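Listed below are the residues making up each chain.
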Amino acid sequence: MASFAGIAIGCGSQQTLQYPKAPMDNSVTDDYEGLVVADPYRPLENDTAPATLEWVKAENALTESYLKAIPYRENVRQRLTDLNNYKKTGLLSKAKDGKYYYYENDGLKNQSILFRSDTPDYNGEVFLDPNTLSDDGTVALQSIAISNDGKYTAYAISRSGSDWNEIFVLDTETGQLLPDHIEWAKFSGAQWQGNGFYYSSYPRPEAGKEFSNANENHQIYYHKIGTPQSEDKLIYEDKEHPLHFHSAMVPESEDYLFVYASGEGNGSSVMFKNLKTGGDWVIIEPSQDYDISIFDVNGTKAKALTNYKAPNNRVVEIDLNNPGKDSWKEIIPEGPTVIKGVYPAAGRMLVQVEKDAADKLYEYDPDGLLIREITLPTFGSISVSADKDSDEVYYGFTSFTSPSSIYSLDMKSGESKLIHQTEVGGLNPEDYVTEQVFYPSADGTMIPMFLTYKKGLDKNGQNPVYLYGYGGFNISLTPGFSANRLLWLENGGIYAQANLRGGSEYGEEWHQAGTKMNKKHVFEDFIAAAEYLISNQYTSPDYLTIEGGSNGGLLVGATVNMRPDLFKVAIPRVGVMDMMRYHLFTIGWNWASDYGRSDDSREMADYLYSYSPLHNIKNDGTVYPAILITTADHDDRVVPAHSFKYAAQLQASDTGDAPKLIRIDSKAGHGGGKPISKQIDEYTDLYTFIFNNIGIEPQTGNTK
């Protein structure tokens, strides 16, 4: 057993930790129509205050000392480095300049490089390398948009994981960087029209509060190439609704500008303006009650995917001369499975459908007649690259044990041809199996769950299980590959992915069943997943880890408070932990359609308070699992104050001797665009923490 800095550490041993004292103000309370809520760690909301910075430094020092004392930590790091060191190749996309573009990473580069090729053979040259944009790989490429004439390329970057974007422009042919530079864009790429593009941005934020203050008044501008941002033309804003998001869409014909508004309801309003004839805005749908996504425009006819009168979605045609929803023409009706994407291709439509949380792909004619199903290898997820005027169609497929495979699709025969297979050194997919099970939640609803593990598993109740969930915001968890996850599977672990209510796995009704006053269904679904795994002898509470990020961090925090006896380790990552005040920071107000707000009503405040992770930590000696919280200093989506306050309260409460630590990353955000080096660092710490607390020393192939 190794020890230092007053911490005794061994494989699965008990540890005595001295937690840093957090800045406090015991006088702070909020009154929600008579519900008085104390908030003693309110000072931690000021993430730039000297006292907060000192606390962050002390917390990171404690976590580092704990992890550094675990003898196999560096072996875990090396194994994860080896597993991630494989060529990662993305999907081909043919642009209007006739060239083929794709992302590729030859192994351990922090960011994938954008390549360009004359032919679809993955033999291209570097077009844009984001690794050259910073010394530490923390500048990430967020989006690329090539103008319809192929002359210009706009690309958006983010710095240190922030949601803030900057947009730059290249001469597509030469790759020369032009002087155009857009700042303070957010949730926006570039939509080309003529000699410029539309983008969405917020007014310049207050200095020092760029990553915490609420974002208001999302505006759409038009930027003309060769002019400064100060001369950009304001196209649309809605000062009466400062909390709405606004995004622009221009079809290839460049005849129309469509504007979507969201952030208040579960969908988006849509309106458009004719760019050729001018005139006023024409409203297609004024409310945000439904999802409406236009994917093709031909003359005055637009095709859209919508859940209006169709919880599982349907395809409709909209006459732009008579665009009201009562006049829409149905092309593909709602079916028993969820339509999640439609891609015009070679004069037809490829329709991506989700059945029991796995993707399927079908081909339809322009009038909505089913032609065929495209056969996929197994449970998996797909991505599609197609153009309505081109015969060239490509799609990518991935599963839990297979990294991306790229196929070309013959639209005439429906045959797929494998053109690129990613290989990971030491991985034989045939060594593993994925099964799908269905288990009852507390109210009897059957919930699907994928289980991936080595063949020959012995159901003896002693297998380590990594249970992952999300359950919110109409987001579906379909199968996907992770090199980091291989370490867990190699060591006999089971990866379990539960498809909880609140997601989109079974359409809008499934989503609504996990929102607002139904939110506890999500936690009950997750608890039932753990109970199923235990009762069926896959594992036991001594070997069960739960993890989730963002809304999934909320899931983990709430579930631990409800049933701490079920789990040995919990990893809430970048979680929404203060349900009473989440709407006061950056874009938190946008989550009200799923959560409701504490200032909506006393009833809503009571409900949120009843499960808010921060406010329901027990303080009576109830034994909690070992908990490692993660957050980052540039997370301007779920601000770090959530995790700061939760960690401080958890450490101050009587929840047993298992460690309650927080890992606060620097120059990182909510997760998007995180460099591979930082991903490896993070998973090294997560797995080291997990293995240490379930009492298993991982086999890594490293003995140094």
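Everything quoted here is computed from the prediction, not taken from an experiment.

Cut-offs used in this document
- Residues numbered from 1 in each chain as written.
- Predicted model: local features only at pLDDT ≥ 70, side-chain atom pairs only at ≥ 80, totals over all residues.
- Heavy atoms only, no water.
- Pairing = 2+ DSSP bridges.
- Helix = DSSP H or I, 4+ residues; strand = E, 2+ residues; numbered from the N terminus.
- Axes fitted to C-alpha atoms, helices over the stretch in contact; angles between N-to-C directions.
- Contact = heavy atoms within 4.5 Å.
- Phe/Tyr/Trp six-rings, centres within 6.5 Å; stacked < 30°, edge-to-face > 60°.
- Buried < 20%, exposed > 50% of the residue type's maximum accessible area, 1.4 Å probe, protein only.
- Lys NZ or Arg CZ within 6 Å of the ring centre and 35° of its normal.
- Parallel < 35°, antiparallel > 145°, perpendicular 65-115°, else oblique.
- Nonpolar A, V, L, I, M, F, W, Y, C, P; charged D, E, K, R; others polar.
- Polar contact = N/O pair within 3.5 Å; in protein donor to acceptor, adjacent residues only side chain to side chain.
- 1 Å grid on protein atoms, 1.4 Å probe; cavity = no way out; pocket = protein on both sides within 12 Å on 5 of 7 lines; lining within 4 Å.
- Points joined across faces, edges and corners; volume = space filled by probe spheres on them.
- Expected span 1.5 Å × (residues − 1).
- Core = buried A, V, L, I, M, F, W, Y, C linked by side-chain atoms within 4.5 Å.
- Salt bridge = Lys/Arg side-chain N within 4 Å of Asp/Glu carboxyl O.
- Left-handed = near helix turned anticlockwise from the far one by under 90°.
- pLDDT = per-residue confidence, 0-100.

(A) Structural view of the sheet that holds strand 38 (residues 544-549). Strands sit in the order 34-35-37-36-38-39-40-41 across an open sheet of 8 strands; the sheet is mixed. Each edge of the open sheet is held by one strand with a lone partner, namely strand 34 (432-440) and strand 41 (660-665). For this sheet, the mean angle separating the axes of adjacent strands, direction not counted, is 20 degrees. The strands that helix 6 (residues 551-562) touches are strand 38, strand 39 (569-573) and strand 40 (626-632); relative to strand 38, the one it contacts most, it runs at about 140 degrees. The strands touched by helix 10 (residues 676-694) within the sheet are strand 36 (465-468), strand 38, strand 39, strand 40 and strand 41, with strand 39 carrying the most contacts at an inclination of about 155 degrees.

(B) Just the packing of aromatic side chains, in detail. Applying the stated criterion across every chain yields a total of 41 aromatic pairs. Centre to centre, the rings of Tyr 102 and Phe 115 are 5.6 Å apart; their planes meet at 10 degrees, and the pair counts as stacked. Of this pair, Tyr 102 sits in strand 7 (residues 100-105) while Phe 115 is found in strand 8 (residues 113-117), placing the two residues 13 residues apart along the sequence. Aromatic pair Trp 164 and Tyr 202: ring centres 6.2 Å apart, planes at 85 degrees, arrangement edge-to-face. Separated by 38 residues along the polypeptide, Trp 164 in strand 12 (residues 164-171) and Tyr 202 in the loop between strand 15 (196-201) and strand 16 (219-224) bring together distant segments of the chain. On the basis of relative accessible area, Trp 164 is assigned to the buried category, the value being 7%. Given a relative accessible area of 4%, Tyr 202 falls into the buried group. Within the aromatic cluster, the residues linked to one another by ring pairs are Phe 379, Phe 400, Phe 450, Tyr 466, Trp 488, Tyr 495, Tyr 683, Tyr 687 and Phe 691. Over the face of the ring belonging to Trp 164 we find Lys 186, whose NZ or CZ atom lies 4.1 Å from the ring centre. Sitting over the face of the ring of Tyr 308, Lys 325 holds its NZ or CZ atom 5.5 Å from the ring centroid.

(C) Expanded view of the packing of helix 5 (residues 520-535) against helix 6. With their axes 10 Å apart at the nearest point, helix 5 and helix 6 run at an angle of 70 degrees to one another. Judged on the interaxial angle alone, helix 6 and helix 5 are roughly perpendicular. On the side of helix 5, the interface is formed by Val 522, Phe 523, Phe 526 and Ile 527, while helix 6 contributes Leu 554, Leu 555, Ala 558, Thr 559 and Met 562. Per-class residue counts for the contact of helix 5 with helix 6 are 8 nonpolar, 1 polar and no charged.

(D) Looking closely at the side chain of Arg 73. By the secondary structure assignment, Arg 73 is in helix 2 (residues 73-84). A residue is classified by how much of its surface remains accessible, and Arg 73, at 6% relative accessible area, is buried. At 2.9 Å, the side chain of Arg 73 forms a polar contact with the side chain of Glu 64. Among residues more than four places away in sequence, those in contact with Arg 73 are Glu 64, Leu 67, Lys 68, Thr 684, Asp 685 and Thr 688.

(E) Highlighting the layout of surface pockets. Of the volumes computed, that of the second largest pocket is approximately 1800 Å³. Ser 93, Ile 144, Glu 252, Ala 386 and Asp 387 are the residues nearest the centre of the second largest pocket, which is lined by 49 residues in total. Looking at which element gives the most residues to the lining of the second largest pocket, the answer is strand 22 (residues 292-298), with 5 residues. Considering only residue class, the lining of the second largest pocket consists of 29 nonpolar, 13 polar and 7 charged.

(F) Spotlight on helix 10. Here helix 10 spans 27 Å end to end across 19 residues, near enough to the 27 Å set by a 1.5 Å rise per residue. Counting buried positions over the 19 residues of helix 10 gives 16, a clear majority of the element. Immediately downstream of helix 10, the backbone of Gly 695 shows phi near 80 degrees, a positive value.

(G) Here's a closer look at the nonpolar core. Counting residues in hydrophobic clusters, the biggest one holds 73 residues, and the most contacted among them are Tyr 439, Met 449, Leu 451, Leu 467 and Tyr 595. Looking at which element gives the most residues to this core, the answer is helix 5, with 10 residues. Those residues in contact with Leu 467, other than ones at most four positions away along the chain, are Met 449, Ala 496, Ala 498, Phe 526, Ala 529, Ala 530, Leu 533, Leu 544, Thr 545, Ile 546 and Glu 547. Membership of the second largest hydrophobic core comes to 42 residues, among which are Leu 80, Phe 400, Phe 481 and Leu 628.

(H) Here's a closer look at the pattern of salt bridges. Applying the stated criterion across every chain yields a total of 40 salt bridges. Measuring nitrogen to oxygen at the nearest pair gives 3.7 Å for the salt bridge that ties Arg 581 to Asp 30. Within this pair, whereas Arg 581 is found in the loop between strand 39 and helix 7 (592-595), its partner Asp 30 is found in strand 3 (residues 29-32), the two being separated by 551 residues in sequence. On the basis of relative accessibility, which here comes to 12%, the residue Arg 581 falls in the buried class. Across the pair Glu 183 and Arg 204 runs a salt bridge, and its minimum N-O distance is 3.4 Å.

(I) Quick peek at the sheet that holds strand 27 (residues 348-355). One open sheet accounts for 4 strands, arranged 26-27-28-29; its pairing is antiparallel. The sheet terminates laterally at strand 26 (338-345) and strand 29 (370-374), the two strands that pair on one side only. When the angles between neighbouring strand axes are averaged without regard to direction, this sheet yields 25 degrees. Bridge count for strand 26 against strand 27 is 7 bridges, and the pairing is antiparallel.

(J) Structural context of the environment of Asn 619. Residue position: Asn 619 is located in the loop between helix 8 (602-611) and strand 40. A C-alpha to C-alpha distance of 27 Å links Asn 619 and Tyr 470, two positions 149 residues apart in sequence. Excluding residues that lie within four positions of it along the chain, Asn 619 makes contacts with Ala 652, Ser 653 and Asp 654.

(K) Local environment of the pairing of strand 15. The element strand 15 is extensively covered by neighbouring structure, given that 6 of its 6 residues are classed as buried. In strand 15, alternate side chains face the same way, and those of Gly 196, Tyr 198 and Ser 200 on one face and Phe 197, Tyr 199 and Ser 201 on the other are all buried. Where strand 14 (residues 191-193) lies against strand 15, 3 bridges are found, and the strand directions are antiparallel. Bridge pairing links Gln 191 to Tyr 198 in strand 15. Strand direction decides the pairing type here: strand 15 and strand 16, joined by 6 bridges, are antiparallel. Bridge pairing in strand 16 places Tyr 199 opposite Tyr 221.

(L) Layout of the packing of helix 2 against helix 10. At their nearest, the axes of helix 2 and helix 10 sit 9 Å apart, and the two run at 130 degrees to each other. Relative to helix 10, helix 2 is oriented oblique. With respect to the hand of their crossing, helix 2 and helix 10 are arranged in right-handed fashion. Together, Arg 73, Val 76, Arg 77, Leu 80, Thr 81 and Asn 84 of helix 2 and Ile 680, Asp 681, Tyr 683, Thr 684, Asp 685, Tyr 687 and Thr 688 of helix 10 make up the contact between the two elements. Here the contact of helix 2 with helix 10 is built from residues that sort into 5 nonpolar, 4 polar and 4 charged.

(M) Structural context of the confidence of the model for the protein chain. On average, residues of the protein chain carry a pLDDT of 93, and 95% of them reach 70 or more. The model gives residues 1-14 a pLDDT under 50, and that stretch makes 38 contacts with residues more than four places away or in other chains.

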